Amino acid sequence: MNISHEWLSRFVPHGRDAAEVRDLITAHVATVEGFERLRADLEAFVVARVVESEKIPDTKLSFNKVDDGSGTLLEVVCGAPNVTVGATYPFARSGTTMPAGFKIEKKKIRGFTSNGMLCSARELGLGEEHDGILALDTDAAPGTALLEVLPLGDVRLVIDVLPNRPDLLSHLGVAREIAALTGTALQRPDELRALSTASLALAPARGVDHVKDSGLDVRIDDVADCPQYGAAIISGLTVGPSPDWLKACVESVGGRSINNIVDATNYMLHGFGQPVHAFDATKIGGDAIVVRRARAGETLVTLDGAERKLDPSMLVIADGAVPMALAGVMGGRASEVTDATTKVVLEVALFAPRVVRTTRRRVGLSTDASYRYERGIDAAAVGQMLALGAALLAFVGGGSVDALLHAGAAPVARAKVTIRPERVALLLGEPVGGDEIRRLLESIGFACEAGASSALVVTPPSWRHDVAREVDLIEEVARLRGFDRLPDTLQGARPGTVPDHPLFTAYRRVRDALVAEGLHEVRPLPFTSGRDAGTDGADLVRVQNPLAEDEPFLRQSVLDTLARRAEYNLNRMQGDLRFFEVGTTFTAQGKALPREEQHVGVLVMGARRPVHFTEAQPPAFDAWDAKALAHTVAEAAFPGADISMVPGESPVLWRVQAGGVVVGAVSRLTLDAPVWAKPAFGVEVLLGEMPSTPIAARGQHAHAAGPARSHANEPVRYRALSVTPTAEFDLALLVPDAVLAAQVEEVLRTVSGAQLERCELFDEFRGAGVPVGTRSLAWRLTFRHPERTLREKEIEGRRTLVLKTLEAQLGVRPRTV
Amino acid sequence: MTLAEFIAALDLLAAEAPARIAAAADLEAWTEVRNALVGRQSGRLTDIMSGLGALPKEDRREAGQRANAVKVVIDDALESRRGELAAAAPATGPSIDLSMPARGRWKGTVHPVSLVIDEVVEIFRELGFTIALGPEAEHAWYNFGALNFPDDHPAMDLHDTLYIGEEQVLRTHTSPVQVRTLQQYPPPIRVLAPGNVYRRDFFDPSHAPMFAQIEGLVVDEGVSFADLKATLSHFARRFFGPTTKTRFRPSYFPFTEPSAEMDVQCGVCSGSGCSVCKQSGWVEILGSGMVHPAVLEAAGLDSERYTGWAFGMGPARTAISRHGIPDIRILYDSDVRFLDQFA
């Protein structure tokens, strides 16, 4: 909402400057987001004194020496007849841009140098008179900014009015608040004092849904859509330019002056928050105004020239036959006021927010009027606004009010709300006396009467739709006193009952582990094209109103989005990538909410380490690195669980199991990658499901369900540290290709017995000396007896047993060199 | 050879050795002395020891022990002299250039938005808050209705909210977690709820269709606006520095009443007005307010008995202003050159 400081000050003579008003509004009412000096174009102008002046012969010009406060006198040529030595004038130094847009340059005139310009009122955009330069009535020293001396430069305050306070969408509304905050009485602005009060006295003809007067029939089809409709017949008008004060009002809020009639309707909107519309009376067919739903097939050309297709969800103002306006949104071109208009019907109405919103949405057209109707205007003021608006139009257009017609139901009386001082004290943390509460509420138009015990029974004013409960009144008390005045001592608090969500702690563990591995956490968008889902797409979740039609789905895999981020980097010639994300995946479940899971995704490709002088070409990440990262992730995600990797089908390299359950996979990724890119590997592991079923029915809780189960792990048990020495031997084995290393290791472990301390695969070899169809694998086995040194014979015995078993079970024989 | 002769030879060696060792002037001389005294080929001790076999059996044990003791003494003296000489001698041989770089390791990074969340979490943890989470795909009731949104609130518009089904939305804020938490656990409640939220905002330098939010909720008997102000001001001082000034402005959220926006004094201009704070001297940090009784009632709580306060902030905004990131999209692009800056 744009508020002119000057216009506001005519509603409430508060005596504060614009900055003070801004701070008051922000602290107590709504945030002032903009503070725009309307004459910022005059900021560069200064006060200058003429020290010497002489006529330039044979011209109207004078050659002057001017003190502009800079310390040296400036030579200035001036064409005005009224240059007076010793007087002060507005001065534009060379380099200053004039309001008309041109720049003052240093130049030679008739052989005299001119270093700037002494300005007239017209040159400054301050009026039309051009009798000469503008003599200033000031004692200010030369060099003082002109805006400090001249009382001009209105300030526009841009207020962020939130949806609950439509009453602030007018100068009157903001003025009410300023009046309360400064203890100043509201008044009718000077410009409205001259209005003929005769029309105000004219009693509006009133009926419920049908009124007739002076040959005009006003009918409301459904008072649910249009609770009140006022029409004023004003004749004898002359459409022409607005008076200066009206033009200034319209321009001060950022509007453009059109003509006196249109500007007056805008005055009503911005001044009082009442949208009004003027129809050219001669263009109303059948001398009737009907407020009704549009009929299928009807069309209307609105003021903006667009032809709108109408349907019965929309409310229109029609004459005897056709729609003339979209109710509460925009008028029609056919009944528009033109320069030839002499008689108008002024509409001052109350439309239901819902039907205006529907109409506005259907036609896709939001206006100042629809904005206010959707949020709610002051229903009790419609009659008064009708009289005032009619008088204003008659005044600025030189016409007279013939009749006021007002159809509709009287506004419903507001429900009373009780406020208890003890509740105020509890909620605000400091006691506020009953008298103070009453004073504050009454200052903004709330009517208070004494209730039971110390309570007050409060009737909100008709313009405040947002106050329905005690807490709403407490907010009024709090903001009027000022949030900054309320206490803010930190008090102790009882500990909460909510345990940390296990998915958050798991996320932290996984993140710490992966950051330690040198990976970057990323947080990309979860939208996807669905192409890489790896499914038929049936269980993909589609956003119904997606932002981008090429990415309408929610991902089922974190790797899907990580892959896109990798490609983004590859496009920028960056191929050493180490990403991880802990994020959400979505799988459709019919009509229910999607199944939502937290997944850990890891993507690595390119150099495993940075270049070092000991290693000019560091190796690239391979599948074994990815497998290790999968272990890291799974161990952090499922502490204490047995983690295993089961070989999978390409592109899956391994399925990750935790405690015997598949929780993820390691795979080789297919990217849209340039030829130089190294292979990319991905790990995706389920961290856990995020349930979305309702906790309890609406208005109910499930506290009886008891506290969540603790997920504490078994603590590690200490094992005695043996002091006996170890014994070890190596086994080089010829393993047929059909046999997995894991199978061999399984045998090694089972046969070796409890004294096997370590079993490490340290070599794989194919080639010379190894028969085709087999490979050589070498393990080092380390044994230790907890109490004594193992004897040579015992070790030999184990070796023999292991080899015998391997040969018998797997056909694996020792490799003889 | 008798034991006495053997011992006499050892004693002689033990007596001569210190002077000879001390006389070694450099490492070369030291090596000669060592070889002469205890060298395996021709050392004096080796010579003497070779006589061990000729001794009577019953004397060998004592002889061996004595020889060993002498050896320990001589070895110690040699070692200590070598240390002295090595310390005195100039370094020889190919030297190591210690200015060369350490072996490289990739440095992992936490996303700048997560860094902000971490800091917020840490500060509120000190005040006894725990972490609550909730789903991102949410019932419209949890996202709107339970939070006291009127039926036709503009936020529910298709233009502002991403819908995935009948009465199913991608949550537009973390506030549904308030209702879920209040339904699940009895007061006192002190939780923080970080998470991603969605808006139907097109990607531009200051808007994203998904972003992180962090919500706070306190509900108990006797909780007041003073607690809200005190806690959030404390948070601001811990987060932005001990002299940080805060102000609270009236605002509006359907689910809080009174509602307040918290600003901190602009750190760039100290309140005098600059381009960062749009000349206002203040920077908006978070929205807050007393939990609306309708929200408590929606979660089945007695709104006369319990009161509470809540806040919500956007860590991405804090991250971009703190790090001077000109475009919010950089946070999502995942360019490694950007991520490396946080290593």
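Reading the values: rules and limits
- Residues numbered from 1 in each chain as written.
- Chains lettered and ligands numbered in written order.
- Predicted model: local features only at pLDDT ≥ 70, side-chain atom pairs only at ≥ 80, totals over all residues.
- Helix = DSSP H or I, 4+ residues; strand = E, 2+ residues; numbered from the N terminus.
- Rg over C-alpha atoms; globule rule 2.2 N^0.38 Å.
- Buried ≥ 20, exposed ≤ 12 C-beta atoms within 10 Å, placed from the backbone.
- Contact = placed C-beta atoms within 7 Å.
- Pairing = 2+ DSSP bridges.
- Core = buried A, V, L, I, M, F, W, Y, C linked by C-beta atoms within 7 Å.
- Axes fitted to C-alpha atoms, helices over the stretch in contact; angles between N-to-C directions.
- Nonpolar A, V, L, I, M, F, W, Y, C, P; charged D, E, K, R; others polar.
- Parallel < 35°, antiparallel > 145°, perpendicular 65-115°, else oblique.
- pLDDT = per-residue confidence, 0-100.
- Arc of directions from axis to C-beta.
- Left-handed = near helix turned anticlockwise from the far one by under 90°.

Let us look at the overall build of chain B. A count of helical and extended segments in chain B gives 12 helices and 10 strands. Over its C-alpha trace chain B gives a radius of gyration of 40 Å, far above what one expects of a compact globule, namely 20 Å for 343 residues. Dimensions of chain B, computed from C-alpha atoms along their principal axes, come out at roughly 115 × 45 × 40 Å. Looking at chain B as a whole, 43% of its 343 residues qualify as buried. Pairs at least 24 residues apart make up 66% of the contacts formed inside chain B by residues separated by at least 6 positions.

Right, let's talk about the pairing of strand E16 (residues 288–293) of chain A for a bit. Residue and element names in this part refer to chain A. Across 4 bridges, strand E13 (residues 216–220) lies against E16 in parallel orientation. Across the sheet, Ile220 pairs through a bridge with Val291, a residue of E16. Two elements, E16 and strand E19 (residues 315–318), share 4 bridges in a ladder whose sense is antiparallel. If you follow Arg293 over to E19, its bridge partner there is Leu315.

Buried together is how nonpolar side chains tend to be arranged in soluble globular proteins. Residues and elements named next belong to chain A. If you look at the biggest cluster of nonpolar residues, it comprises 199 residues, and the most contacted ones within it are Val316, Ala327, Val344, Leu346, Ala390 and Leu393. Sort the elements by how many residues they give to this core and helix H11 (residues 382–397) lands first, with 12 residues. Those residues in contact with Val316 that lie beyond four places of it in its chain are Arg292, Ala294, Leu300, Leu310, Pro323, Ala325, Leu326 and Ala327.

Now for unusual backbone geometry. Residues and elements named next belong to chain B. The residue after Pro187, namely Pro188, is reached through a cis peptide bond having omega 0°. Mapped onto the elements of the fold, Pro188 is located in the loop between helix H7 (176–184) and strand E5 (189–198). Even without a glycine there, the phi angle at Ser270 is positive, about 55°. Structurally, Ser270 is set in the loop between strand E8 (256–265) and strand E9 (282–291). For Ser270, a count of 12 C-beta atoms within 10 Å gives the class exposed.

On to the sheet that holds strand E21 (residues 330–331) of chain A, then. Read across the open sheet, the 6 strands follow the order E12-E13-E16-E19-E20-E21 (chain A); overall the sheet is mixed. For this open sheet the edge positions go to strand E12 (210–213) and E21 of chain A, each flanked by a neighbour on one side alone.

Residues and elements named next belong to chain B. With respect to topology, 7 strands assemble into an open sheet ordered E1-E5-E6-E10-E9-E8-E7, the strand pairing being mixed. Of all strands in the sheet, those bounded by a partner on one side alone are strand E1 (130–131) and strand E7 (246–253). One ladder, built from 2 bridges, connects E1 with E5; its direction is parallel. Bridging from a neighbouring strand, Ile131 pairs with Leu192 of E5. Helix H8 (residues 225–240) rests against strand E6 (210–220), E7, E8, E9 and strand E10 (307–313) of the sheet, and its axis sits at about 150° to E9.

Every contact between the two is made by 87 residues of chain B and, on the other side, 93 residues of chain A. The dominant element in the side of chain B that touches chain A, judged by the number of residues it contributes, is H8(B), at 8 residues. Here the residues of the side of chain B that touches chain A sort into 43 nonpolar, 25 polar and 19 charged.

All names here are of chain A. At a minimum axis separation of 11 Å, helix H2 (residues 18–28) and helix H4 (residues 171–182) run at an interaxial angle of 95°. Taken together, the axis directions place H2 and H4 in an arrangement best described as roughly perpendicular. Contact with H2, carried on its side by Val21, Leu24, Ile25 and His28, involves Val174, Glu177, Ile178 and Leu181 of H4 and no other residues of that element. Here the residues of the contact of H2 with H4 sort into 6 nonpolar, 1 polar and 1 charged.

Further remarks concern the confidence of the model for chain B. Scored by pLDDT, chain B has a mean of 91; 98% of the residues are at 70 or more. The complex model carries a pTM of 0.83, and its ipTM stands at 0.86.

Working note: α-helix, 3.6 residues per turn, so residues spaced by three or four point in the same direction. Residues and elements named next belong to chain A. Turning to helix H13 (residues 434–443), its buried residues are Ile437, Leu440 and Leu441. Buried residues along H13 cover an arc of 95° about the axis, so they all sit on one side. Taken together, the buried residues of H13 touch strand E24 (417–419), helix H12 (421–428), strand E25 (447–450), strand E26 (456–459) and helix H14 (470–481). Gly445 sits one or two positions beyond H13 and adopts a positive phi of about 95°.

Following the sequence through the fold, B:Gly104 ends up in the loop between helix H4 (57–88) and helix H5 (112–126). Setting aside its immediate chain neighbours within four residues, B:Gly104 contacts A:Arg609, A:Pro610, A:Val611 and A:His612.

What follows concerns the packing of helix H15 (residues 502–516) of chain A against helix H17 (residues 623–637) of chain A. The angle between the axes and the distance between the axes are what describe a pair of packed helices. Residues and elements named next belong to chain A. Orientation of H15 relative to H17, taken along the N-to-C sense of each, is 150°, at an axis distance of 8 Å. As the angle between them shows, H15 and H17 are arranged roughly antiparallel. Note that H15 runs across H17; the crossing there is right-handed. For the pair H15 and H17, contact is made by Ala506, Arg509, Val510, Ala513 and Leu514 and by Thr632, Val633, Ala636 and Ala637, respectively. A per-class count over the contact of H15 with H17 returns 7 nonpolar, 1 polar and 1 charged.

Here the focus is the environment of A:Arg798. All names here are of chain A. Along the polypeptide, Arg798 turns up in helix H19 (residues 792–810). C-beta crowding within 10 Å serves as the criterion here: with 20 such atoms nearby, Arg798 is assigned to the buried category. Remark: the alpha-carbon pair of Arg798 and Gly753, spanning 45 residues in sequence, is separated by 8.8 Å.

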